[in-house]
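In case you want the letters, here they are:
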Amino acid sequence: MSESSLKQKVARLRQAYAPHEYRPLGGYLAAMGTYAGVTATIAGLVRATGRPVPDRPATADVVLLAIATHKLSRLLSKDAVTSPLRAPFTRYDHPIGSGEVMEQVRDSGSPTRHAIGELLSCPFCLAVWVATGLTGGLVLAPRLTRLVATALTAVAASDFLQMGYAVAQQAAEGGHHKG
């Protein structure tokens, strides 16, 4: 099959998939390939180092990594301070509170850049990558990974306490002014 024939088939597939909206299918393929490569590298490192892989991870580790994954995904994808990491792929839109920002994906005509922008600005999308890294870390460097995950979990808990405090403070101020 010639290169032009392949490009025509890909263009027809893209048109059939999303006739009224641009979807960077090539960028998504590149992201999936990169993820597969990262996962294979982690698995190769686990095998090369002979680290034992648990049959069933401890419940405490699953909970710790779940909360740490949530926090690290939000830090990387929404935190104002990490916006320089996303800036090549996104454009600032507006603040959304609690030190977070909303950004729009830059459409530079590059399917890969577009897909990276979507990945970096979406905490749900990024969570798969973060969880994979933390899980690999739990096998390759369990003490360090648990320490980092503990810090991220503490920050997540602090966030919820800060938000709860702010709500309680607003309620108290509202009640004070009415009385």
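Because the structure is predicted, anything quoted here is derived from the model rather than measured.

Draft legend 1. Region of the structure containing the overall build of the protein. Along the backbone of the protein there are seven helices and two strands. Tracing the protein from N to C terminus, the helices and strands come up as α-α-α-α-β-β-α-α-α. Compactness check: the protein gives a C-alpha radius of gyration of 21 Å against a globular reference of 16 Å for 179 residues, more than 25% above the reference. Taking the principal axes of its C-alpha atoms as reference, the protein extends roughly 75 × 50 × 25 Å. The buried share among the 179 residues of the protein stands at 25%. Across the protein, contacts joining residues at least 24 apart in sequence account for 60% of those joining residues at least 6 apart. Roughly 11,800 Å² of accessible area belongs to the protein as shown, and the carbon and sulfur atoms make up 65% of that amount.

Draft legend 2. Layout of helix α6 (residues 123-140). With 18 residues, α6 extends 25 Å between its outermost C-alpha atoms, agreeing within 8% with the 26 Å of an ideal straight helix rising 1.5 Å per residue. P123, L126, V130, T132, L134, G136, G137, L138 and V139 are the residues of α6 that are buried.

Draft legend 3. Layout of the nonpolar core. Listed in full, the 10 residues of the largest apolar core are L64, L65, A68, L119, L126, V130, L134, L138, A149 and L152. Elements that contribute at least two residues to this core include exactly α3 (59-78), α6 and α7 (142-178). Leaving out residues up to four positions away in the same chain, L126 has contacts with S73, L76, S77, L119 and L120.

Draft legend 4. Highlighting α3. Over its 20 residues, α3 extends 28 Å from the first C-alpha to the last, a length consistent with the 28 Å expected when each residue adds 1.5 Å. Listed as buried for α3 are D61, L64, L65, A68, T69, K71, S73, S77 and K78.

Draft legend 5. Quick peek at the pattern of salt bridges. Tallied over the full model, the rule gives six salt bridges. The shortest N-O distance in the salt bridge between D61 and R146 comes to 2.8 Å. Within this pair, whereas D61 is found in helix α3, its partner R146 is found in helix α7, the two being separated by 85 residues in sequence. You can call R146 partly exposed: its relative accessible area is 33%. The salt bridge involving E103 is made with R86; its shortest N-O contact spans 2.5 Å. With E103 in strand β2 (residues 100-105) and R86 in helix α4 (residues 83-86), the pair connects residues that are 17 residues apart, well separated along the chain. Of the residues examined, R86 reaches a relative accessible area of 1% and is grouped as buried. By sharing partners, the salt bridges in this structure join E21, R23 and E118 into a single network.

Draft legend 6. Up close: unusual backbone geometry. Positive phi outside glycine occurs at S98, with the angle close to 55 degrees. Mapped onto the elements of the fold, S98 is located in the loop between β1 (90-97) and β2.

Draft legend 7. How the structure looks around the packing of helix α2 (residues 25-49) against helix α5 (residues 111-120). Two elements in contact, α2 and α5, have axes whose closest approach is 7 Å; the angle formed by their N-to-C orientations is 65 degrees. Relative to α5, α2 is oriented so that their crossing is right-handed. When α2 is examined against α5, the residues G26, G27, Y28 and A30 are found in contact with a partner set consisting of P111, T112, A115 and E118. Residues of the contact of α2 with α5, tallied by class, amount to four nonpolar, three polar and one charged.

Parameters and conventions
Residues numbered from 1 in each chain as written. Predicted model: local features only at pLDDT ≥ 70, side-chain atom pairs only at ≥ 80, totals over all residues. Heavy atoms only, no water. Helix = DSSP H or I, 4+ residues; strand = E, 2+ residues; numbered from the N terminus. Rg over C-alpha atoms; globule rule 2.2 N^0.38 Å. Buried < 20%, exposed > 50% of the residue type's maximum accessible area, 1.4 Å probe, protein only. Contact = heavy atoms within 4.5 Å. Areas by Shrake-Rupley, 256 points an atom, 1.4 Å probe, with all protein chains shown as cover. Expected span 1.5 Å × (residues − 1). Core = buried A, V, L, I, M, F, W, Y, C linked by side-chain atoms within 4.5 Å. Salt bridge = Lys/Arg side-chain N within 4 Å of Asp/Glu carboxyl O. Axes fitted to C-alpha atoms, helices over the stretch in contact; angles between N-to-C directions. Left-handed = near helix turned anticlockwise from the far one by under 90°. Nonpolar A, V, L, I, M, F, W, Y, C, P; charged D, E, K, R; others polar.

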